[in-house]
Amino acid sequence: MTSIRQFRLTDLLRINNVNLDIFTENYGLSFYLHYLARWPECFFVAVNPAQRLMGYIMGKIEGKQENYHGHVTALSVAPEFRRIGVSSQLMALLENVSEQKKTYFVDLFVRVSNKRAVDMYHKLNYVVYRRIIGYYSGERDEDAFDMRKALSRDVDKKSLIPIPHPVRPEDLVDD
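The rules behind the values
- Residues numbered from 1 in each chain as written.
- Predicted model: local features only at pLDDT ≥ 70, side-chain atom pairs only at ≥ 80, totals over all residues.
- Heavy atoms only, no water.
- Pairing = 2+ DSSP bridges.
- Helix = DSSP H or I, 4+ residues; strand = E, 2+ residues; numbered from the N terminus.
- Axes fitted to C-alpha atoms, helices over the stretch in contact; angles between N-to-C directions.
- UniProt positions renumbered as here; feature names shortened; annotations may be inferred.
- Core = buried A, V, L, I, M, F, W, Y, C linked by side-chain atoms within 4.5 Å.
- Buried < 20%, exposed > 50% of the residue type's maximum accessible area, 1.4 Å probe, protein only.
- Contact = heavy atoms within 4.5 Å.
- Patch = residues over 30% accessible without salt bridge, like charges linked within 9 Å, V, L, I, M, F, W, Y side chains within 5 Å.
- Areas by Shrake-Rupley, 256 points an atom, 1.4 Å probe, with all protein chains shown as cover.
- Salt bridge = Lys/Arg side-chain N within 4 Å of Asp/Glu carboxyl O.
- Polar contact = N/O pair within 3.5 Å; in protein donor to acceptor, adjacent residues only side chain to side chain.
- Arc of directions from axis to C-beta.
- 1 Å grid on protein atoms, 1.4 Å probe; cavity = no way out; pocket = protein on both sides within 12 Å on 5 of 7 lines; lining within 4 Å.
- Points joined across faces, edges and corners; volume = space filled by probe spheres on them.
- Nonpolar A, V, L, I, M, F, W, Y, C, P; charged D, E, K, R; others polar.

### Considerations on the sheet that holds strand β2 (residues 43–47)
Part 1: The 7 strands are arranged β1-β2-β3-β4-β5-β7-β6 in an open sheet whose pairing can be described as mixed. Two strands close off the open sheet at either side, each with one partner strand: β1 (3–6) and β6 (127–136). Looking at each pair of strands side by side, their axes are set apart by 25° on average, direction ignored.
Part 2: Both β2 and strand β3 (residues 53–62) contribute to a ladder of 5 bridges, which runs antiparallel.

Encoded structure:
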């Protein structure tokens, strides 16, 4: 059985088993601390009955007017706990927080090559809004999909109208 609760400071010492795959972004301690301090209501962890971390979601609420939205900064599940619905449960929590905050949509960035994640997000009713050229840099530079799911405040689903041409990371400044 999976239990989901708010992320705690001590969880930072226990997330290594979750962060050990090529698709998971690893951040510095100060980055996690910033999110925990600024958006604690958007930072959750899933644990099993033995209290082992199964996965986590780290998000935030940002933007103005019709661009006011929830953002998934990181969603990661340990390999041994995948394909049992943990990601879906964590995403639902962030979507609920975003609804409570009366945002228009939830968005996330995902590597174009991460087909399993892209497929999962499609099953959760996310659509590709745009492609971001060279968003992920490092050992292997890669494009990202900006995927979105409209929430109830976006009655006309304007947030889902795709941008037909790719953009660059520097074009995201005002998003």
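Read on, since the account is not over.
### Considering the environment of Ser 88
Part 1: With respect to the helices and strands, the residue Ser 88 is situated in helix α2 (residues 86–100).
Part 2: For the pair Ser 88 and Gln 65, spaced 23 residues apart in sequence, the C-alpha separation works out to 28 Å.

### Considering the UniProt feature "domain: N-acetyltransferase" (unreviewed entry) in the chain
Part 1: Sequence positions flagged by UniProt for "domain: N-acetyltransferase" (unreviewed entry) are, in local numbering, residues 2–152.
Part 2: Structurally, residues 2–152 is divided into 23% helix and 36% strand, and its ends, taken at the C-alpha atoms, are 28 Å apart.

### Considerations on the nonpolar core
Part 1: Residues Tyr 56, Met 91 and Tyr 121 are the most contacted members of the largest nonpolar core, which totals 43 residues.
Part 2: When residues of this core are traced back to their parent elements, those giving at least two are α1 (29–38), β2, β3, β4 (69–77), α2, β5 (105–111), α3 (115–123) and β7 (142–150).
Part 3: Among the elements that line this core, the one with the most residues is β3, at 6 residues.
Part 4: Excluding its chain neighbours within four sequence positions, the residues that come into contact with Tyr 121 are Leu 75, Met 91, Leu 108, Val 110, Tyr 126 and Met 147.

### Some details on a nonpolar patch on the surface
Part 1: A contiguous nonpolar surface patch, about 280 Å² in accessible area, is contributed by Leu 9, Leu 29 and Leu 33.
Part 2: With respect to the helices and strands, the residue Leu 33 is situated in helix α1.
Part 3: Owing to a relative accessible area of 33%, Leu 33 belongs among the partly exposed residues under this scheme.

### Looking at the side chain of Asn 17
Part 1: On the secondary structure map, Asn 17 appears in the loop between β1 and α1.
Part 2: For Asn 17, a relative accessible area of 17% translates into the label buried.
Part 3: A polar side-chain atom of Asn 17 sits 3.0 Å from the main-chain carbonyl oxygen of Leu 53.
Part 4: Ignoring anything within four residues of it in the chain, the contact list for Asn 17 reads Arg 52, Leu 53, Ala 78, Pro 79 and Glu 80.

### Digging into α3
Part 1: Looking only at α3, the buried set comprises Ala 117, Val 118, Met 120 and Tyr 121. Angularly, the buried residues of α3 cover 160° about the axis, an arc narrow enough to put them on a single face. Counted as exposed and oriented over 90 degrees from the buried face of α3: Lys 115, Arg 116 and Lys 123.
Part 2: At its buried positions, α3 is contacted by β4, α2, β5 and β7.

### Here we look at unusual backbone geometry
Part 1: The backbone of Arg 83 sits at a positive phi, close to 65°, despite the residue not being glycine.
Part 2: Mapped onto the secondary structure, Arg 83 falls in the loop between β4 and α2.
Part 3: With a relative accessible area of 72%, Arg 83 lands in the exposed category.
Part 4: Backbone geometry places Asn 125, a non-glycine residue, at a positive phi of 75°.

### What about the layout of surface pockets?
Part 1: Taken as a whole, the largest pocket holds about 1200 Å³ of empty space.
Part 2: If you trace the largest pocket, you find 48 residues lining it, with Leu 75, Val 110, Asn 114, Ala 117 and Tyr 121 closest to the centre.
Part 3: Those elements giving two or more residues to the lining of the largest pocket turn out to be α1, β3, β4, α2, β5, α3, β6 and β7.
Part 4: Sort the elements by how many residues they give to the lining of the largest pocket and β4 lands first, with 8 residues.
Part 5: Partitioning the lining of the largest pocket into residue classes produces 23 nonpolar, 10 polar and 15 charged.

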